[in-house]
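Spelled out, the chains give:
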Amino acid sequence: MTAPTSSSLRVNGATLHCEVRGRGPLVLLIPGGTGGAASFDGVAEDLAADGYTVVGYDPRGMSRSTLDDPDAEQHVAEHADDALRILDLLSPDEPALVFGASSGAIVALHLLTAHPERIARVVTHEPPVVEVLPDAAEHRALLARVQDTFRTQGLMPAMAVFSAGLKKDGDTTDGDPKDRDTTDRDTTDGDTAEPEPGPGLPPRAAARAEQTMADLPYFVGRIVPGFMSYAPDIRRLEGLSDRLVIAGGQDSRGELPYRSAAFLAERLGTELQHFPGGHVGLTTHPAEFGELLRKVFRSQGLRRRTGPAPSSGRDVRKPR
């Protein structure tokens, strides 16, 4: 695997860690949950080999992207502004291709509605926009219980409540989190299934697992309430649906993020595109997932570069 070029980008209130591969039209990969740039290792290299400049990054407050104020509340619009900064720096004259997973898909939706001129096509994989659902009130109550459990009982009981609410026919009723069975679903980072830290893992995988656990309090306490309360602008998206692909996991039918994606696609009158695996298909089925993602991007018709990618490129550390 070819190592990406790593750089940092100063944005409002944070410093982002970015990883860049390849050369060609820009593909921006927006991770979700506690996933960062490394969560795209299984698909980024093949995208770069297909003739794109591929950029992944750690969202503000996650992993190597630090906040000026560690206690700052997190808002979808500000995360979308971060993505816009990357687009404007690395593709100032051409619209880009964008992929967002889970909470990163919510960022991608807002980026499209706020700055459609910067987007050629965006693929949003299971954005948990529960506000579009007819039973949204139940999910607001779930999120309130997650936060209350986090404050009163701690991280892992809160994760148990959250995990139960995401499952098929999720139990959003009150009860003791310790009594809930969450063994059939790994929700440790909301969109990538990371192995637990332990001996025998390759160094990069072990580091990712350790970082996932370190980022969980921030994810539960800041990202979950700030992002899952986001209501997309349906009317605005209706006028932009020709460049929007809403995706769901083949194996996650009935789960809350899938339901949100499917209902959003129905509201917009578009077909839900099924990707391999479930909510974490990017991690569990990287080859098949990446192949379909490249096919969707190729259908946009942007001219790709051929031949080996040069080592030089725009340094994301430079301000515009």
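Residues numbered from 1 in each chain as written. Predicted model: local features only at pLDDT ≥ 70, side-chain atom pairs only at ≥ 80, totals over all residues. Heavy atoms only, no water.

**Q** How would you explain the overall build of the protein chain if you had to name every residue and give the values?
**A** The helix and strand inventory of the protein chain stands at ten helices and nine strands. Out of the 320 residues in the protein chain, the part that is buried amounts to 54%. The contacts in the protein chain between residues at least 6 apart in sequence include a share of 74% that link residues at least 24 apart. Surface accessibility of the protein chain: about 13,800 Å² in total, with carbon and sulfur atoms responsible for 48%. (Helix = DSSP H or I, 4+ residues; strand = E, 2+ residues; numbered from the N terminus. Buried < 20%, exposed > 50% of the residue type's maximum accessible area, 1.4 Å probe, protein only. Contact = heavy atoms within 4.5 Å. Areas by Shrake-Rupley, 256 points an atom, 1.4 Å probe, with all protein chains shown as cover.)

**Q** Please set out helix 8 (residues 256-268) residue by residue, giving values where relevant.
**A** Since the α-helix packs 3.6 residues into each turn, any two residues three or four apart lie on the same face. Look at helix 8: 18 Å from first C-alpha to last across 13 residues, which is about the 18 Å you get at 1.5 Å a residue. Those residues of helix 8 lying buried are L256, P257, Y258, S260, A261, L264, A265 and L268. Next to the buried residues of helix 8 lie helix 3 (103-114), helix 4 (136-152), helix 5 (155-166), helix 7 (234-238), strand 8 (244-249) and strand 9 (273-275). Looking one or two places after helix 8, you find G269, whose phi comes out positive at around 70 degrees. (Expected span 1.5 Å × (residues − 1).)

**Q** Kindly report on the packing of helix 4 against helix 5, identifying the contributing residues and their values.
**A** Packing of helix 4 against helix 5 brings their axes to within 7 Å, and their N-to-C directions diverge by 165 degrees. Judged by the inter-axis angle, helix 4 sits roughly antiparallel to helix 5. Pair helix 4 / helix 5 crosses with right-handed handedness. Touching L142, R145, V146, T149 and F150 of helix 4 are L155, P157, A158, V161, F162 and G165, all from helix 5. Grouping the amino acids of the contact of helix 4 with helix 5 by side-chain chemistry returns eight nonpolar, two polar and one charged. (Axes fitted to C-alpha atoms, helices over the stretch in contact; angles between N-to-C directions. Parallel < 35°, antiparallel > 145°, perpendicular 65-115°, else oblique. Left-handed = near helix turned anticlockwise from the far one by under 90°. Nonpolar A, V, L, I, M, F, W, Y, C, P; charged D, E, K, R; others polar.)

**Q** So what about the nonpolar core? Which residues, and what values?
**A** Counting 65 residues, the largest nonpolar core has L28, I86 and L264 as the members making the most contacts within it. It is helix 2 (residues 76-90) that contributes the most residues to this core, eight residues altogether. In this structure, V43, A120, V123 and F289 belong to the second largest nonpolar core, which totals 23 residues. (Core = buried A, V, L, I, M, F, W, Y, C linked by side-chain atoms within 4.5 Å.)

**Q** I'd like a rundown of the side chain of E19, residues and numbers included.
**A** Within the secondary structure, E19 is located in strand 2 (residues 14-21). A distance of 3.1 Å separates the side chain of E19 from the side chain of H17, its partner in a polar contact. Polar side-chain contacts of E19 include one of 3.3 Å to the side chain of R64. (Polar contact = N/O pair within 3.5 Å; in protein donor to acceptor, adjacent residues only side chain to side chain.)

**Q** Please provide a residue-by-residue account of helix 4, values included.
**A** Across its 17 residues, helix 4 extends 24 Å between first and last C-alpha, which sits within 8% of the 24 Å expected from 1.5 Å per residue. Within the span of helix 4, buried status applies to A136, H139, L142, L143, R145, V146, Q147 and T149. Downstream of helix 4 by one or two residues, G154 has phi in the positive range, about 110 degrees.

**Q** So what's going on with the pattern of salt bridges? Which residues, and what values?
**A** This structure, assessed with the given rule, holds 14 salt bridges. When the shortest N-O distance is used, the salt bridge between D88 and R118 registers 2.8 Å. In this pair, D88 sits in helix 2 while R118 sits in the loop between helix 3 and strand 7 (119-125), placing the two residues 30 residues apart along the sequence. Here the salt bridges share partners, and the residues they tie into one network are E19, D58 and R64. (Salt bridge = Lys/Arg side-chain N within 4 Å of Asp/Glu carboxyl O.)

**Q** Describe the pairing of strand 6 (residues 96-101), naming the residues involved and giving the relevant values.
**A** Along strand 6, six of the six residues are buried, which leaves the element largely enclosed by surrounding structure. Judged by which residues are buried, strand 6 turns out to be covered on both faces: A96, V98 and G100 on one side and L97, F99 and A101 on the other are all buried. The pairing of strand 3 (residues 26-30) with strand 6 spans four bridges and is parallel. Each residue of the ladder has a partner; that of L29, found in strand 6, is F99. Regarding the hand of the β-α-β motif, the stretch spanning strand 6, helix 3 and strand 7 is right-handed. (Pairing = 2+ DSSP bridges. Right-handed = clockwise from strand over helix to strand, strands pointing away.)

**Q** Tell me about the packing of helix 2 against helix 3, and please be specific about residues and values.
**A** For the pair helix 2 and helix 3, interaxial distance at closest approach is 9 Å and the crossing angle is 70 degrees. In terms of axis orientation, helix 2 runs roughly perpendicular to helix 3. Counted together, V76, A77, H79, A80, A83, L84 and L87 of helix 2 and I106, V107, H110 and L111 of helix 3 form the full contact between these two elements. By residue class, the composition of the contact of helix 2 with helix 3 is nine nonpolar, two polar and no charged.

**Q** Pulling in residues and values, what's your account of the environment of H75?
**A** You can see H75 is positioned in the loop between strand 5 (66-67) and helix 2. As for H75 and P225, which are separated by 150 residues in sequence, their C-alpha atoms are 9.4 Å apart.

**Q** For the pairing of strand 8, give the residues involved together with the corresponding values.
**A** Counting buried residues in strand 8 gives six out of six residues, a clear majority hidden from the surface. Residue alternation in strand 8 divides its side chains into two sets, L244, I246 and G248 and V245, A247 and G249, and both sets are buried. As paired elements, strand 7 and strand 8 share four bridges and run parallel to each other. From the neighbouring strand, V122 faces strand 8, where its bridge partner is L244. Sheet topology note: the strand 8/strand 9 ladder contains three bridges and is parallel. Bridge pairing links A247 to Q273 in strand 9.

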